[in-house]
Amino acid sequence: MMIMFKIAEATLRNRNSSIVASLFYSLQARSISWQSKVVKTERMVETNDMHVTRVLFCGPYFPDSYNFTREYLQPYPFIQVDVVHYRDVPEVVKNYHICVAMTMQMDSNVISRASKMKLIMQYGVGLDGVDIDAATKHGIKVARIPSEGTGNAASCSEMAIYLMLGLLKKQNEMQISLRNRLLGEPTGDTLLGKTVFILGYGNIGIELAKRLKPFGSRVIATKRSWPASIVYSDSRLVDEKGSHEDIYTFAGKADIVVVCLRLNKETAEIVNKKFICSMKKGALLVNIARGGLINYESAFHNLESGHLGGLGIDVAWSEPFDPNDPILKFKNVIITPHVAGVTEYSYRSMAKIVGDLALQLHEGLPLTGIEFVN
């Protein structure tokens, strides 16, 4: 091709042939096109051979967690986001670098297969399904996304308000009245003047207290320890503070108990027969944390006896919740499908964190925006 160029150039200098000139420009254009195709091909090969960082979401629930993460990472083809049914995770976990556990039980058997895994994390706070000791043994970091700053704590606290109001206003009975073309019934109640016990005063508890004050509620709360890091303004939201040893006393003072604890060995079924019997007759129980914090039999029995005035839960003893569960026969029970933290604001904030972590891991940078537990 270079020889043909030289011939064409020489001919042009002599200005002897316009035909040859046309040939020269045609060859030049073809050369540029050919070089461009080579560059594109080289780039495609480079992209295909590029190291890919793989992120695994344990599905199939909470779909917008992986939908929003994929959307955020769309400009980065070297990050691959997959959702795999939790039943199939043990067979494919070896291929992934980051695992977002969701509702998956990440036990020692599954973790032992994760040969490439660098990080197991939650799309939120709860890590009760992850065997942290097994992950540590295999050199895998475990982390949660702090609820503060992502909108998760605010979203969960709003759900607690929703459940409280639903019980106070008798949401299920209102639907019955509508179907029966009734007016002016049932007679509901108000948050005004109610004492609300926040069992576990963490980030969600703080956000809940902020929202209860304008309703005119009295807020009491327990926490294992009250560190100085809780700023003065947050401390002023609580009318009475207590420690873990005070939970039964505080239960007896409250019109509404809201469970905001993390689930672990110490807190499993902490709301048991003794706790519920310590509550006022007719008091309401709300749980926006983890289903395993409440003993099912104790809740059922006290609803049946009338001692428990109502139950509002966003989390259940087994999930997905059984729509035929006999506890739903009670008019004063409201159950939502684990959506307290599932809001546009919260989920997009956490999708950004997961996406940034994948990019950081790909580039070999320190992982930020999460709270490590090992």
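Read on for a plain summary of the structure. Fair warning: this is a prediction, and the values are worked out from it, not measured in the lab.

## Regarding the packing of helix α7 (residues 152–168) against helix α9 (residues 203–212)
Here α7 crosses α9 at 55 degrees, and the two axes come no closer than 8 Å. Our classification of the angle between α7 and α9 gives oblique. Helix-helix and strand crossings are classified by hand; for α7 and α9 the assignment is right-handed. In this structure, α7 uses Ala153, Ala154, Cys156, Ser157, Glu158, Ala160, Ile161 and Met164 to contact α9, whose residues at the interface are Asn203, Ile204, Glu207, Leu208, Arg211 and Leu212.

## Let's talk about the environment of Ile334
As for its placement among the helices and strands, Ile334 is situated in strand β12 (residues 333–335). The sequence separation of Ile334 and Gly312 amounts to 22 residues, and the corresponding C-alpha distance is 4.7 Å.

## Observations regarding the environment of Asn295
Relative to the assigned elements, Asn295 resides in the loop between β10 (284–287) and α13 (296–305). Asn295 sits 27 residues away from Ala268 along the chain, and the two C-alpha atoms are 8.4 Å apart. With residues up to four places along the chain from it excluded, the contact list for Asn295 reads Glu269, Val271, Asn272 and Trp317.

## Section: the packing of helix α3 (residues 63–72) against helix α14 (residues 344–363)
It is the contact of α3 with α14, at a shortest axis distance of 8 Å, that shows an interaxial angle of 55 degrees. Relative to α14, α3 is oriented oblique. Classified by chirality, the crossing of α14 by α3 is right-handed. Every residue of α14 that contacts α3 at Asp64, Ser65, Phe68, Thr69, Glu71 and Tyr72 is listed here: Glu344, Tyr347, Arg348, Ala351, Lys352, Val354, Gly355 and Asp356. When its residues are assigned to classes, the contact of α3 with α14 shows 5 nonpolar, 3 polar and 6 charged.

## So, the nonpolar core
Counting residues in hydrophobic clusters, the biggest one holds 30 residues, and the most contacted among them are Met164, Leu208, Ile256, Val258 and Ile288. Of all the elements in the fold, those that place two or more residues in this core are α7, β6 (195–199), α9, β7 (218–222), β9 (256–259) and β10. Looking at this core element by element, the count peaks at 9 residues for α7. Leave out the neighbours within four places in its chain, and Leu208 touches Ser157, Ala160, Ile161, Met164, Ile198, Val258 and Cys260. Counting residues in each nonpolar core, the second largest holds 29 residues, with Phe197, Ala251, Ala289 and Leu311 among its members.

## Re α9
Of all the 10 residues making up α9, 7 are buried; the element is thus mostly covered by neighbouring parts of the structure. Here α9 has its buried residues at Ile204, Gly205, Ile206, Glu207, Leu208, Ala209 and Leu212.

Rules and cut-offs
Residues numbered from 1 in each chain as written. Predicted model: local features only at pLDDT ≥ 70, side-chain atom pairs only at ≥ 80, totals over all residues. Heavy atoms only, no water. Axes fitted to C-alpha atoms, helices over the stretch in contact; angles between N-to-C directions. Helix = DSSP H or I, 4+ residues; strand = E, 2+ residues; numbered from the N terminus. Parallel < 35°, antiparallel > 145°, perpendicular 65-115°, else oblique. Left-handed = near helix turned anticlockwise from the far one by under 90°. Contact = heavy atoms within 4.5 Å. Nonpolar A, V, L, I, M, F, W, Y, C, P; charged D, E, K, R; others polar. Core = buried A, V, L, I, M, F, W, Y, C linked by side-chain atoms within 4.5 Å. Buried < 20%, exposed > 50% of the residue type's maximum accessible area, 1.4 Å probe, protein only.

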